[in-house]
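Structure assessment
Residues per chain are reported as follows:
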Amino acid sequence: MLERIGLTALVLVATVAFLRRSRYLVRLLGLGAPDDRRPADWGRKLKQQLVVVLGQRKLLQWTVPGVMHWLIFWGFIVLLTTIIEAFGAIYQDGFALPLVGRFGPLGLAQDLFIAAVLAGVVMAVAIRKVQRPGRFTGSHLREADYILAAITGIMVTVAGARGAEIARGLFPYDTRWTPISRAVSGLFDGVAAGRLEAADTAFLWSHALLILGFLVYLTYSKHLHIVTAAINVLFTSERPKGALKPMHLDLENASEDDSFGAGVITELTWKQLLDSYTCTECGRCQSQCPAWATGKPLSPKLLIMDVRDHLFEVGGGLLSSTNGAAAELPPLNPGVIEDEVVWDCTTCGACVQACPVNIEHIDTIVDMRRNLVMSESRFPKEMQSALANLETSGNPWGQPATARLDWAKGTAREEPLDVPHISDAPDAEVLLWVGCAGAFDDRNRRVVYDFARLLQIAGVSFAVLGPDESCTGDPARRMGAEYIYQMLAEQNIEHLDSAGAPKIVTACPHCFNTLANEYTQFGGNYEVVHHTEMLADLLREGRLEPAAAMPKTVTYHDPCYNARHNDVWKGAREVIAAIPEARYGELHRHGHSTFCCGAGGGRMWMEERMGKKMNMERTDEALASSSDTLAVGCPYCNIMLSDGVTERHADSDMEVRDIAQILLASVDGSATEEAAG
Ligand code: SF4
Ligand code: SF4
């Protein structure tokens, strides 16, 4: 009787402690700014729960740590039954679960998962203590040790209790189904009945105390993710992956006191605060981040942890203050997170892709940039001219709109192309979106020219917006200058809509992403295709026929805004595979795992002051592949990697060429001349 009263009291105390802490955590979330996201697409939500939460798919992107986590996660799901059985056995000898409590296969599953969880713990210890991957730098390692010790204790005590129950004849399952528990019961052979009962009681009570302690402790530790991960996944953004968080701007009615973006903790949304609760500190994001990999201070993991630590630091005071406390809050930048950290991000998406619990790092980083630019006017000085050019000339190069068609003039060796404005060719099959790099950067002008030649050869009628085209606003938006982005977006949408907007094709993944995924936020809905995909289609349809052999080794650098943000990577490989005698070799980091060239997120117009330059890191990887040609599908990558190869020129004669240029050389026969020359 005393035991029952004691356990009931302990369960009540632990439950109250858990609920009190949970209530406090929920109240802290309430300090965040509103975010009206609601699960809308329930089919997609269910799939995410099945795949990401129950299937652990993102964890399994990394086989060994993924399997380790899978074993422990599923172990605890199955072993919820043994937990109930252990508590039940304290209340009543010989307790069995209703309905399934004597079902042999359940007993077997319990035995197997006890072993599986212990195997998972051994793997976790081996990873953390022997392998010691750099991704754990900055994580709370001691806390993880406590948890692993607690999990081991929970497994040992449940196995001990099952063995003792078998020895006492109280075990509910037929022991032919539970070989592990039966083996443990052998340890009690010859033990006197009184001692056996004492051992059983000790195991059951230790188990119950560990479980109750774990329940309370997890709400104070990084293991809070056990509770919040499924909720965080449920509220994962339903935006396309490459689209930034929308921002409502009403500059005409804004006052000097208005704050934009996230300047203090309460200007992050409740979802961004929930992200911080959910971080497991696994460091997968950190290990994939090109900024961290090249020696910059930005770690997406540490950034999210800093947000959480700061929330816990100031949240209690905010909740107990009556009013006005927000005005005294320390700024997020540089108080909590250094400005430099915020500016190091290329918005490549590697962190979001890697994160097993769907944390949205880029939204938080861009919200901080929005505040730094629009409220604080504090940003790297070299950004100033790019932003001013975008605002006044509609492109970051500061070139006149009248020069937007200069690419079509060709070079001394080439014929000028006759490219109509869309208003003169309303029946054109596609609108060629040239992009600012294609219009003003010499190297990329050649790419657009060659792509346009391929369209002509394939008989695809196309037109352009010419001087009516402006920058899509991608760099402005990702630099945090939302007002410039919205101005450019509105202009472009007006021109596209009045042009009747046929299918749009572009050689720039940033333009592709913005036109396809972000203009919808302003009512612009267009069918957009990246030129590598269109070229692959034209090859499949037989409208383009590679003829000249290209006996070279070729590798392809996936642009982040194609591969990671938009799952676009097949077309480029199909094009290369179609070229006679071209031998394709994959870079180590490719597809979803591609490594950023360093130019996204507006970084094209910022200095890289610390660590190794990202373009050099990627160039070195490409050079190590010993390919003759590094194929690209993005004007920024083209510039960054060409510069990288030029810098290493003494060591290599690798050429950097866009997919369109490689294909044209085979289609028009110039590859033969190149090979001969
Ligand atoms: S988006 Fe890329 S650069 Fe930015 S934090 Fe994530 S991984 Fe790092
Ligand atoms: S943000 Fe995601 S990937 Fe990064 S440490 Fe936290 S849980 Fe791991």
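Before reading further, recall that the structure is shown in the block above.
Not measured: the values here are computed from a predicted model.

**As for the overall build of the protein**
From N to C terminus, the protein includes 30 helices and eight strands. The C-alpha extent of the protein, read off along each of the three principal axes, is 100 × 65 × 45 Å. In the protein, of all internal contacts separated by at least 6 residues, the share reaching a separation of at least 24 is 81%. For the protein, the accessible area works out to roughly 28200 Å², and carbon and sulfur atoms hold 57% of it. Each charge class in the protein can be summarised by its mean position, and for the 61 positive and 80 negative side chains these summaries are 8 Å apart.

**Some thoughts on the site of ligand 1**
Taken together, 13 residues lie near ligand 1, and Cys289, Cys345, Cys348, Gly349 and Cys351 sit nearest. Within the residue set of the shell around ligand 1, elements represented by two or more residues are helix 16 (350-354) and helix 17 (361-375). The residue makeup of the shell around ligand 1, split by class, is 10 nonpolar, three polar and no charged.

**Considering the pairing of strand 7 (residues 629-632)**
Alternating residues of strand 7 divide into Thr629 and Ala631 and Leu630 and Val632, and every residue in both groups is buried. Inspection of the sheet shows strand 7 paired to strand 8 (residues 655-658) by four bridges, in the parallel sense. Residue pairing in the sheet places Leu630 in a bridge with Val656 of strand 8.

**Here we look at a negative patch on the surface**
Residues Asp250, Glu252, Glu256, Asp257 and Asp258 make up a contiguous surface patch of negative charge. For Asp250, a relative accessible area of 36% puts it in the partly exposed group.

**Details of the pattern of salt bridges**
Evaluated as defined, the whole model comprises 43 salt bridges. Among the salt bridges present, the one from Asp620 reaches Lys612, with a minimum N-O distance of 2.9 Å. Residue class for Asp620 comes out partly exposed when judged on its relative accessible area of 23%. On the accessibility criterion, Lys612 (34% relative accessible area) is partly exposed. Measuring nitrogen to oxygen at the nearest pair gives 3.0 Å for the salt bridge that ties Arg618 to Glu621. Within this pair, Arg618 and its partner Glu621 are both found in helix 27 (residues 614-624), separated by three residues, close to a single helical turn. We note that Arg618, like Glu621, is buried. Shared partners join several salt bridges into a network, and the residues in it are Lys245, Asp367, Arg370, Asp474, Arg477, Arg478, Glu482 and Glu518.

**A few points about the nonpolar core**
Core analysis: the biggest nonpolar cluster contains 141 residues, and Ile265, Trp407, Leu432, Met534, Leu535, Leu544 and Leu663 have the highest contact counts within it. Apart from the residues lying within four places of it in its own chain, the contact partners of Met534 are Val430, Phe451, Leu455, Val460, Val505 and Val529. One finds Phe87, Phe113, Ile151 and Ala159 within the second-largest nonpolar core, a separate group that totals 38 residues.

**What about the sheet that holds strand 6 (residues 583-584)?**
Spatial strand order, 6-5-7-8: four strands in an open sheet with parallel pairing. Edge positions in the sheet fall to strand 6 and strand 8, since each of these pairs with one other strand and no more. Pairing geometry for strand 5 (residues 553-556) and strand 7, over three bridges, is parallel. Across the sheet, Thr555 pairs through a bridge with Leu630, a residue of strand 7. In this fold helix 29 (residues 659-667) packs onto strand 5, strand 7 and strand 8, with an angle of close to 90 degrees to the strand it touches most, strand 8.

**Quick look at the packing of helix 27 against helix 28 (residues 635-647)**
Any two packed helices are characterised by how steeply their axes cross, that is the angle between the axes, and by the distance between the axes. The N-to-C vectors of helix 27 and helix 28 enclose an angle of 70 degrees; their axes lie 9 Å apart at closest approach. In terms of axis orientation, helix 27 runs roughly perpendicular to helix 28. Here helix 27 contributes Asn615, Met616, Arg618 and Thr619 to the contact with helix 28, which in turn contributes Met640, Leu641, Asp643, Gly644, Val645 and Glu647. Taken together, the residues of the contact of helix 27 with helix 28 break down into four nonpolar, three polar and three charged.

**Here's the deal with the site of ligand 2**
The full set close to ligand 2 counts 13 residues, and Cys279, Cys282, Gly283, Cys285 and Cys355 are the nearest of them. For the shell around ligand 2, the class distribution of residues is seven nonpolar, three polar and three charged.

**Some points on helix 20 (residues 442-458)**
Relative to the 24 Å expected for 17 residues at 1.5 Å per residue, helix 20 spans 25 Å between its end C-alpha atoms, a close match to the ideal helical length. The complete set of buried residues in helix 20 reads Asn444, Arg445, Val447, Val448, Tyr449, Asp450, Phe451, Ala452, Leu454, Leu455 and Ala458.

**Some remarks on helix 3 (residues 63-78)**
With 16 residues, helix 3 ought to run about 22 Å at 1.5 Å a step, and its terminal C-alpha atoms sit 22 Å apart, in line with that. The set of residues buried in helix 3 consists of Pro65, Gly66, Met68, Leu71, Ile72, Gly75, Phe76 and Val78. Lining the buried residues of helix 3 we find helix 4 (80-91), helix 5 (104-131), helix 6 (141-168) and helix 11 (284-288).

**Side note on the packing of aromatic side chains**
Taken as a whole, this structure holds 10 aromatic pairs when the rule is applied. Judged by centre distance (5.9 Å) and plane angle (85 degrees), the ring pair of Phe73 and Trp74 falls under edge-to-face. Trp74 gets classed as partly exposed once you look at its relative accessible area, which sits at 24%. Taken together, the aromatic side chains of Trp70, Phe73 and Trp74 make up a single cluster linked through ring pairs. Note that Arg589 overlies the ring of Phe595, its terminal NZ or CZ placed 4.0 Å from the centroid.

**Some points on the packing of helix 4 against helix 8 (residues 193-218)**
Close contact between helix 4 and helix 8 brings their axes to 9 Å; oriented N to C, the two are set at 125 degrees. As far as their axial angle goes, helix 8 and helix 4 are oblique. Judged by the sense of rotation from one axis to the other, the crossing of helix 4 with helix 8 is left-handed. For the pair helix 4 and helix 8, the contacting residues are Thr82, Ile83, Ala86, Phe87, Ala89 and Ile90 in the first and Leu204, Trp205, His207, Ala208, Ile211 and Leu212 in the second. Its residues placed into classes, the contact of helix 4 with helix 8 shows 10 nonpolar, two polar and no charged.

**Observations regarding the sheet that holds strand 3 (residues 503-506)**
Adjacent strands of a sheet pair through backbone hydrogen bonds, lying either parallel or antiparallel. One open sheet holds the four strands; their spatial order is 2-1-3-4, and the pairing between them is parallel. The sheet terminates laterally at strand 2 (462-463) and strand 4 (528-530), the two strands that pair on one side only. Bridging between strand 1 (residues 430-433) and strand 2 involves two bridges; their strand directions are parallel. By the bridge assignment, Leu431 is partnered in strand 2 with Ala463. Lying on the sheet, helix 23 (residues 509-518) is in contact with strand 1, strand 3 and strand 4; it crosses strand 4 at an angle near 160 degrees.

**Remarks on unusual backbone geometry**
Glycine aside, residues mostly have negative phi, and peptide bonds are mostly found in the trans state. Cis geometry is found at the peptide bond from Asn333 to Pro334, where omega equals 0 degrees. One can find Pro334 in helix 14 (residues 332-336). Positive phi values are uncommon outside glycine, yet Leu99 reaches one of about 65 degrees. For Leu99, the location among the structural elements is in the loop between helix 4 and helix 5. Positive phi values are uncommon outside glycine, yet Ser377 reaches one of about 50 degrees. Structurally, the position occupied by Ser377 is in the loop between helix 17 and helix 18 (383-393). Judged by its relative accessible area of 56%, Ser377 falls in the exposed class.

Procedures and definitions
Residues numbered from 1 in each chain as written. Chains lettered and ligands numbered in written order. Predicted model: local features only at pLDDT ≥ 70, side-chain atom pairs only at ≥ 80, totals over all residues. Heavy atoms only, no water. Helix = DSSP H or I, 4+ residues; strand = E, 2+ residues; numbered from the N terminus. Contact = heavy atoms within 4.5 Å. Areas by Shrake-Rupley, 256 points an atom, 1.4 Å probe, with all protein chains shown as cover. Lys, Arg positive; Asp, Glu negative; His and termini not counted. Charge placed at Lys NZ, Arg CZ, Asp CG, Glu CD. Near = heavy atom within 4 Å. Nonpolar A, V, L, I, M, F, W, Y, C, P; charged D, E, K, R; others polar. Buried < 20%, exposed > 50% of the residue type's maximum accessible area, 1.4 Å probe, protein only. Pairing = 2+ DSSP bridges. Patch = residues over 30% accessible without salt bridge, like charges linked within 9 Å, V, L, I, M, F, W, Y side chains within 5 Å. Salt bridge = Lys/Arg side-chain N within 4 Å of Asp/Glu carboxyl O. Core = buried A, V, L, I, M, F, W, Y, C linked by side-chain atoms within 4.5 Å. Axes fitted to C-alpha atoms, helices over the stretch in contact; angles between N-to-C directions. Parallel < 35°, antiparallel > 145°, perpendicular 65-115°, else oblique. Expected span 1.5 Å × (residues − 1). Phe/Tyr/Trp six-rings, centres within 6.5 Å; stacked < 30°, edge-to-face > 60°. Lys NZ or Arg CZ within 6 Å of the ring centre and 35° of its normal. Left-handed = near helix turned anticlockwise from the far one by under 90°.

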